[in-house]
Amino acid sequence: MRNSKRPYRLISRRSCWRLSQLYHQGLAEGKWTTQLDALNALGVSQGDLSLAMQLHELPEKILDLFEDHIDISSHTVRVIRHTIRRDGLSTVLSRIERSGASGAKHSKKTVLSIVKGQALESKKMLRLSGQDPEKIVSRALDLPNNVSDRYHLGVTQGEWNSFSACAKALSISRRNVSDAVAIRQLPDSIRHLFREKEFTFSVGRKLLALKRELGLDELLSRARYKDSMYDVGGRTAENILSELKDENIRPASSFRRIRIKKGRGPNRLVIECKDPKLLLRYRREIEQAISKVLKKRVTDVEYVELMREIFGTPRPIMPRLDRLPGTFRPRLS
DNA sequence: ATTGCGGTTCGGTACCCCGG
DNA sequence: CCGGGGTACCGAACCGCAAT
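In this text, all values refer to a predicted model and were calculated from it rather than measured experimentally. (Residues numbered from 1 in each chain as written. Chains lettered and ligands numbered in written order. Predicted model: local features only at pLDDT ≥ 70, side-chain atom pairs only at ≥ 80, totals over all residues. Heavy atoms only, no water.)

## Observations concerning the overall build of chain A
A tally of helices and strands in chain A yields 19 helices and two strands. Looking at chain A as a whole, 35% of its 333 residues qualify as buried. At a minimum sequence separation of 6, the contacts of chain A that also span at least 24 residues come to 55%. Within the structure as shown, chain A displays about 21500 Å² of accessible surface, and the carbon and sulfur contribution to it stands at 52%. (Helix = DSSP H or I, 4+ residues; strand = E, 2+ residues; numbered from the N terminus. Buried < 20%, exposed > 50% of the residue type's maximum accessible area, 1.4 Å probe, protein only. Contact = heavy atoms within 4.5 Å. Areas by Shrake-Rupley, 256 points an atom, 1.4 Å probe, with all protein chains shown as cover.)

Written out as structure tokens, the structure reads:
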């Protein structure tokens, strides 16, 4: 009590810190001489007292993590000891080291998640995203990637250790938090089909639903060899999702006849095909493909100027050059 | 001193449903 | 279709007891 700001009733009588304190105090004052006597006098179980004695045996590195030693219950000690025996002390210590938790103070729950290695998962996801903390904090929480980054950043910094707590702190719905984290964990080969801005909650949730329905393996195999938005201009999220769902699959023979011919008037081409509706959904892709063809014959001044600028300029100024569609990529033929 | 086990409590997540 | 609220379920924390 003396050392605590809180009223006694709020401190668990199983608080190891307090228990060992009381025990040694009583021993010094001669209230008891054996642990057995102390048990009766203090009204605690032998197991609790034993664990309370163990508390001080724990490595400093771990004890230092707690913001308030009063919180440490016999169960907490037990879990930590169990983890150390199961995973090895060096593993646990390196978790603390790697999670960068030393120095700072944490809630009981957070300490357990650090010791058990759960906090490291967030650290890993954070590293994968490769964004620096200030950027993450300043970003709008509209895209799943941003929310996921923010969540994992919070975990590693001890701001929260659950979706719910994170949602409350950022005043966004907890569902968005959990979905965002799940969406961000989809394999790169799937996520990278979409441009960053197009990788929305809506798209992500549909992918998650698809993953539930097909299983990850099937989804991955369907995603192979699909054109990404970076590979081919004019791709829409809707089309990519539709392709992943294998919608409207039909024999290639039904599309054998595709003709482009001159239409009425000076500015028209007409495309003849089966199922123009389906093809119409790809009009942006088709348009861009056609304009790519056009460029082969267009030599207007601006265009030449542009080419000079690009090839006469050091790369770093055009960092995204290699992600653009293959317009400027030398063809191997 | 250590460990296991059956049980309860509590908080978080996943899921469903509904209204906008 | 989207997001928010409600809720059933699940797992972690916790407790008490007891064997070794």
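## Here's the deal with the protein's contact with DNA strand B
Neighbouring residues of DNA strand B: 13 residues in total, closest Q46, Q54, R85, F163 and S164. Sugar plus phosphate, as a fraction of atoms of DNA strand B within 4 Å of the protein: 58%. Interatomic distance of 2.7 Å between a side-chain N/O atom of R85 and a phosphate oxygen of DNA strand B. Measuring from a phosphate oxygen of DNA strand B, one finds a backbone N or O atom of F163 at 3.0 Å. Elements supplying a minimum of two residues to the surface near DNA strand B: α3 (46–54), α5 (74–87), α11 (163–170) and α12 (174–184). (Near = heavy atom within 4 Å. Polar contact = N/O pair within 3.5 Å; in protein donor to acceptor, adjacent residues only side chain to side chain.)

## Description of α5
Spacing of three or four residues puts side chains on the same side of an α-helix, whose turn is 3.6 residues. Helix length check: α5 (14 residues) gives 20 Å between terminal C-alpha atoms against 20 Å at 1.5 Å per residue, within 8%. Where α5 is buried, its residues touch α1 (16–28), α3, α4 (60–63), α6 (89–98) and α7 (108–115). Downstream of α5 by a residue or two, G88 has a phi angle that is positive, lying close to 95°. (Expected span 1.5 Å × (residues − 1).)

## Focus on the pattern of salt bridges
Within this structure, the stated rule accounts for 11 salt bridges. Where K31 meets E29, a salt bridge forms, and the shortest distance between an N and an O atom there is 3.5 Å. Here K31 falls in the exposed class, since its relative accessible area comes to 60%. A single network of salt bridges, built from pairs that share partners, joins R86, D87 and R95. (Salt bridge = Lys/Arg side-chain N within 4 Å of Asp/Glu carboxyl O.)

## Let's talk about a nonpolar patch on the surface
Among the surface-exposed residues, I258, I260, L269 and I271 lie close enough to one another that they form a single nonpolar patch of about 390 Å² accessible area. Within the fold, I258 resides in the loop between α16 (237–244) and β1 (259–262). Its relative accessible area of 47% is what places I258 among the partly exposed residues. (Patch = residues over 30% accessible without salt bridge, like charges linked within 9 Å, V, L, I, M, F, W, Y side chains within 5 Å.)

## Some details on the environment of L241
Topologically, L241 is positioned in helix α16. Linking L241 and A223, residues 18 residues apart in sequence, is a C-alpha distance of 9.8 Å. If we skip the residues at most four places from it in the chain, L241 touches F194, K206 and L207.

## So, the packing of α11 against α12
Running from N to C, α11 and α12 cross one another at 120°; their axes reach a closest spacing of 8 Å. It follows from the interaxial angle that α11 and α12 lie oblique. Crossing angle aside, the handedness with which α11 passes α12 is right-handed. The segment α11 lies against α12, with F163, S164, C166 and A167 engaging R174, V177, S178 and V181. Looking at the contact of α11 with α12 residue by residue, the classes come out as five nonpolar, two polar and one charged. (Axes fitted to C-alpha atoms, helices over the stretch in contact; angles between N-to-C directions. Parallel < 35°, antiparallel > 145°, perpendicular 65-115°, else oblique. Left-handed = near helix turned anticlockwise from the far one by under 90°. Nonpolar A, V, L, I, M, F, W, Y, C, P; charged D, E, K, R; others polar.)

## Remarks on the packing of helix α14 (residues 201–214) against α16
The axes of two packed helices give the description: the angle between them and the distance between them. At a minimum axis separation of 11 Å, α14 and α16 run at an interaxial angle of 0°. Between α14 and α16, the crossing angle belongs to the class labelled roughly parallel. Residues V203, K206, L207, L210 and L214 of α14 form the contact with α16, whose participating residues are A237, L241 and L244. Here the residues of the contact of α14 with α16 are counted per class, giving seven nonpolar, no polar and one charged.

## Examining the nonpolar core
Note that soluble globular proteins tend to have their nonpolar side chains buried in a common cluster. L55, I62 and I80 are the most contacted members of the largest nonpolar core, which totals 29 residues. Of all the secondary-structure elements, those providing two or more residues to this core are α1, α2 (35–42), α3, α4, α5, α6 and α7. When neighbours within four sequence positions are excluded, I62 is seen to be in contact with I80, I84, V92, I96 and V115. With 20 residues, the next largest nonpolar core counts I190, L193, V203 and L241 among its residues. (Core = buried A, V, L, I, M, F, W, Y, C linked by side-chain atoms within 4.5 Å.)

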